[in-house]
Amino acid sequence: MDSISNPRAAGQICVTTGPLLLSMLDTLMERKKWMSERRTFLKQAGLLGLTPLSTGTLGWPGVRPGKGQSAGAATDAENIVLENAEMRLAINPNGSAESLIHKPTGQECLAKGADAPMFTVTQYRPYDNELQLSYPARITHFPADQVRREGDRLIVSFALVGYEAAIDLKITDAYIAFKLESLTYKGYTSLRKKWQTPIDETLFVQLPVRNRRNLGEWLNVMWDEEVAVNLLATDPYAQIDAKARRGYRLFQAGTVRDVRLEGVGAALIATATPRLLDRIARVEEDFNLPRGVESRQRKEYKYSYYEVLKMTPQDADRHIKFAKMGGFRTMQIYYRAFAKAAGHFQWRPEYPNGMRDLKDIISKIDETEMIPGCHIHYNKVEKTDPYVTPVPDPRLNLSQIFTLAAPVDAISTVITVEENPQLCTMDDRRRFLRIVNELIEYDSFTTTPPYRFQGCKRAALGTQPGSYVAGAKIGQLDISREVNLVLITQNTDMQHEIAVRWGEIYREAGFRFIYYDGAQDVPPPYWFTVSRAQWLVYQQWDPTPLWAEGACKSHFSWHILTRGNAFDVFKPEVMKSATRAYPAAEIPRVKEDFTSINFGWIGYWAPGPETIGTQPDMLEYVTSRAAGWDCPISLVGDLPALETHPRTPDNLEVLRRWEDIRAQSWLTQQQKMALRNLKQEHTLLVNEHGKFELVPCEQIERVAGAKQPGRAFLFSRNGNVWVAYWHTSGSGVLEIPLEAKRVRLMRELGKPLAVKGSGKVARLPLGERRYLECEGLARQEVIAAFQNAKILSG
């Protein structure tokens, strides 16, 4: 017990005389003041407010106004005002944001009446002695109680936890930047020094931004046709969020101790929406961020690509031929086409000259004026790579750690541990443990004591067995579910090491754009590690990629993954429905982040017993829906399928036309809106004058009474009914109940072909895609004719 609170000790003080007495009386007065402050603090239960911020956390634990107190808005003279030519941010000295005005329109950007402090610190439980005695052990947020401005710095007090934050300001005509420069522990009083308690998280900017028509969750921007409000990280270490509230979003920029607590920043932008990207570009320039705006504004940004999964120096010309037939202006090569495995990227035997062979392929691509890119894995390594075998690198990630409960010799097949392995995987190919330099593959485990891994195969993947004492640590090797690769740690230099290796390949080969595949395969915290891994690799690219796509994104990734993501391939039979379910469903959200996505990857199948094969209308549906949103597509080039599919020339002609209109920016806004109607299909024609013509169309079901091999689509043009039709897998003759004189057959519009027939039956060639103009015939009459037709063998 502190003697100052002991009555007997107090009596001893009373008999002390002279200067010492005065000193002790001062101490008593200070103690009395501290005790009064403490009683007030404990009485005001609002300091641990009960409005939940998220599951398992408390709300804003600030001192709430008591009787006779008011937390009303400060006067303009009292407020701290930060402003530039576009916005005016007023901060109440009690630590809340009063107002954010977009000056040109006079619009208030904050929600009125929102009970949210602008600054908070968080402890995962109250650590101070008095607090931990009085309140539950759960995540607790402490709001600022006072803020003042000192030059280009805000000084923010968190008296309840004894901290003071220094937030540097940078005010420009494009943004206002905040940087949490330092957190300094001040303690509660001068009476006694308390143990410094840690801060786990902070919010150095929090604003209740009122809802507008659009919310870009990735970029963290609220906007409509007039005004945009954006809170943007200025480095990879800021945790950015926009938590939903009724009528507004809590825009937040914060820090996390396990990532970086101090020296972290964010920029606030409030501007006219058409100027937003220019303002972000200024932030990117001033803070040396990846140039996400510049990438999005390049003319090449809208180009689709031809994807190559397998390619050798011998067959490169065949791939290039098909890419050119499809009108592709870019070609992407999957790294496994030339590298054995992720990690060290050793050359495949098909590339005996290594980099020289790859550079020869890239040169051929360059000669055709296509842009070469690379599809990479960068945050994980193959099980066969030297990072894993014969000696596993200690920087490989372990998803769980266990303690040996008993010694293990070199031949033990049962491993007993102290902790419950209930969260371990039973997935095939992922059941590996790592201890020192040995990998062990287990068959099963128990989830009741004694905890055991059973059926263990020692010295897995070419490693060496060993003997281990009780108490030694053993961990589960972290292996990706999707691609069966081993994840690496993100708090060591291993990611940088792999990034440097990728930078050398990219630079020497001559690649110009990137797909960051498997971006989700990182250990938590994902908001940081997803973009951190991408950022480390990005720093090695020379020259900077024209654009990049990736499989997973966090806030900072906006500057790196400038074309969002692509989707995995879908079989022909579900290609249209999958387009509706995935890319077409995602793009309205991502467009609010001023970003496109890739509506591919589109797989390519030749017709066979298992599938109808890829057909022109399927490709046209996907690429036209993408074009309606100014998005690209990608085609995965499979040489055997491309070379055996009878409709490959027609399929690639469809893609070529749409690539041309992308390059020409041919579509009007009205046409784009029409293409966003997922229920209405369209086809792009080349008319009699060699000009593009976009028309809606609909499929004629069951041509000749069957789903295949006849396929036909009807549209109206120049007052007549037209039909585009073809054979899905070969050739034949379509005997159709229409008079030959009432129809005009064309391969190219404006170039009629002879039509054979007699009486009321016309015999049409059925093979490549052709057009039939039906003069003076009703729509239903034409549909019935195709459904009642007969298909004769060729």
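Residues numbered from 1 in each chain as written. Predicted model: local features only at pLDDT ≥ 70, side-chain atom pairs only at ≥ 80, totals over all residues. Heavy atoms only, no water.

Q: Can you break down the overall build of the protein chain residue by residue, with the values?
A: When helices and strands are counted, the protein chain shows 16 helices and 43 strands. With 794 residues in all, the protein chain has 55% of them scored as buried. Counting contacts in the protein chain only where the partners sit at least 6 residues apart, residues at least 24 apart contribute 68% of the total. Summing over all exposed atoms, the protein chain offers an accessible surface of approximately 34200 Å²; the carbon and sulfur share of this is 50%. (Helix = DSSP H or I, 4+ residues; strand = E, 2+ residues; numbered from the N terminus. Buried < 20%, exposed > 50% of the residue type's maximum accessible area, 1.4 Å probe, protein only. Contact = heavy atoms within 4.5 Å. Areas by Shrake-Rupley, 256 points an atom, 1.4 Å probe, with all protein chains shown as cover.)

Q: Account for the layout of surface pockets, naming residues and giving values.
A: By volume, the second largest pocket is sized at about 800 Å³. Along the wall of the second largest pocket there are 28 residues; nearest its centre are Lys591, Trp629, Asp630, Gln669 and Arg676. Residue assignment for the lining of the second largest pocket shows that the elements contributing at least two residues are α14 (648-664) and α15 (669-675). In terms of residue class, the lining of the second largest pocket is made up of ten nonpolar, six polar and twelve charged. (1 Å grid on protein atoms, 1.4 Å probe; cavity = no way out; pocket = protein on both sides within 12 Å on 5 of 7 lines; lining within 4 Å. Points joined across faces, edges and corners; volume = space filled by probe spheres on them. Nonpolar A, V, L, I, M, F, W, Y, C, P; charged D, E, K, R; others polar.)

Q: Give me the lowdown on the pattern of salt bridges, citing residues and values where you can.
A: In total, this model carries 54 salt bridges according to the counting rule given. One network of salt bridges, in which partners are shared, links Arg329, Glu653, Arg656, Arg657 and Asp660. (Salt bridge = Lys/Arg side-chain N within 4 Å of Asp/Glu carboxyl O.)

Q: Which residues make up unusual backbone geometry, and what are the values?
A: Note that the residue after proline 449, namely proline 450, is joined by a cis bond; omega there is -10°. Within the secondary structure, proline 450 is located in the loop between β26 (444-445) and β27 (451-454). Of note, the bond from aspartate 542 into proline 543 is cis; its omega dihedral lies within 30 degrees of zero at 5°. Structurally, proline 543 is set in the loop between α9 (526-538) and β31 (548-550). Backbone geometry places phenylalanine 594, a non-glycine residue, at a positive phi of 60°. Position of phenylalanine 594 relative to the elements: it lies in the loop between α11 (583-591) and α12 (616-628).

Q: Residues and numbers for the confidence of the model for the protein chain, please.
A: Mean pLDDT for the protein chain: 91, with 90% of residues reaching 70 or above. Segment residues 1-71 is flagged for pLDDT under 50; beyond a separation of four residues in sequence, or across chains, it makes 97 contacts in the model. (pLDDT = per-residue confidence, 0-100.)

Q: Tell me about the nonpolar core, residues and numbers included.
A: Grouped together as the largest cluster of nonpolar side chains are 158 residues, with contacts concentrated most on Phe178, Phe338, Trp502 and Tyr516. Here phenylalanine 338 is in contact with Ile333, Gln346, Trp347, Arg348, Tyr351, Leu358, Cys374, Trp502, Ile505 and Phe511, once residues within four sequence places are set aside. Counting residues in hydrophobic clusters, the runner-up holds 23 residues, among them Val721, Leu777, Ile783 and Phe786. (Core = buried A, V, L, I, M, F, W, Y, C linked by side-chain atoms within 4.5 Å.)

Q: Explain the sheet that holds strand β19 (residues 330-334) to me, and be specific about the residues and the numbers.
A: Overall, parallel pairing links the six strands, which are arranged β31-β30-β20-β19-β18-β32 in an open sheet. At either end of the open sheet lies a strand with only one pairing partner, and these are β31 and β32 (634-636). In this sheet, neighbouring strand axes are inclined to one another by 20° on average, regardless of whether the strands run parallel or antiparallel. (Pairing = 2+ DSSP bridges. Axes fitted to C-alpha atoms, helices over the stretch in contact; angles between N-to-C directions.)

Q: Outline the packing of helix α7 (residues 355-367) against helix α8 (residues 494-509), listing residues and values.
A: One way to put it is that α7 packs onto α8 with a least axis distance of 9 Å and a crossing angle of 50°. Comparing their axes, α8 and α7 come out oblique. The segment α7 lies against α8, with Met355, Leu358, Lys359 and Ile362 engaging Ile505, Glu508 and Ala509. Classifying every residue of the contact of α7 with α8 by side-chain character gives five nonpolar, no polar and two charged. (Parallel < 35°, antiparallel > 145°, perpendicular 65-115°, else oblique.)

Q: Tell me about helix α16 (residues 779-787), residues and numbers included.
A: The complete set of buried residues in α16 reads Val782, Ile783, Ala785 and Phe786. Projected down its long axis, α16 carries its buried residues within an arc of 160°, all on one side. Taken together, the buried residues of α16 touch β34 (692-700), β35 (710-717), β36 (720-727), β37 (732-736) and β42 (770-774). (Arc of directions from axis to C-beta.)

Q: So, the environment of alanine 472: which residues are in play, and what are the values?
A: Its place among the elements puts alanine 472 in the loop between β27 and β28 (473-477). Separated by 68 residues in sequence, alanine 472 and leucine 404 place their C-alpha atoms 5.4 Å apart. Excluding its chain neighbours within four sequence positions, the residues that come into contact with alanine 472 are Phe402, Thr403, Leu404 and Ile435.

Q: Before we move on, can you summarise the packing of aromatic side chains with the specific residues and values?
A: The final tally for this structure, using the stated rule, is 32 aromatic pairs. With 6.1 Å between their ring centres and 65° between their planes, tyrosine 442 and phenylalanine 445 make a pair best called edge-to-face. Taken as a pair, tyrosine 442 and phenylalanine 445 share a single burial class, namely buried. One aromatic cluster is present, built from ring pairs that chain together Tyr237, Trp527, Phe528, Trp535 and Phe556. Over the ring of tyrosine 237 we find arginine 260, and its NZ or CZ is 3.8 Å from the ring centre. Just above the ring of tryptophan 558 sits the side chain of arginine 296; from NZ or CZ to the centre is 3.6 Å. (Phe/Tyr/Trp six-rings, centres within 6.5 Å; stacked < 30°, edge-to-face > 60°. Lys NZ or Arg CZ within 6 Å of the ring centre and 35° of its normal.)

Q: Please provide a residue-by-residue account of the pairing of strand β8 (residues 153-158), values included.
A: Extensive coverage of β8 is indicated by the burial of five of its six residues. Across four bridges, the pairing between strand β7 (residues 146-149) and β8 is antiparallel. Note on β8: the bridge partner recorded for arginine 149 is leucine 154. From the end of β7 to the start of β8, which pair antiparallel, there are three residues, and glycine 151 there has a positive phi angle of about 65°. The pairing of β8 with strand β9 (residues 163-171) spans six bridges and is antiparallel. Within the sheet, the bridge partner assigned to serine 157 lies in β9 and is glutamate 164. Following β8, the chain reverses through four residues before pairing antiparallel with β9; glycine 162 in that reversal takes a positive phi of roughly 75°.

Q: Report on α14, specifying residues and quantitative values.
A: Over its 17 residues, α14 runs 24 Å from end to end, which matches the ideal 24 Å to within 8%, given 1.5 Å per residue. Judged by how many residues are buried, α14 sits mostly within the fold: twelve of 17 residues are covered. (Expected span 1.5 Å × (residues − 1).)

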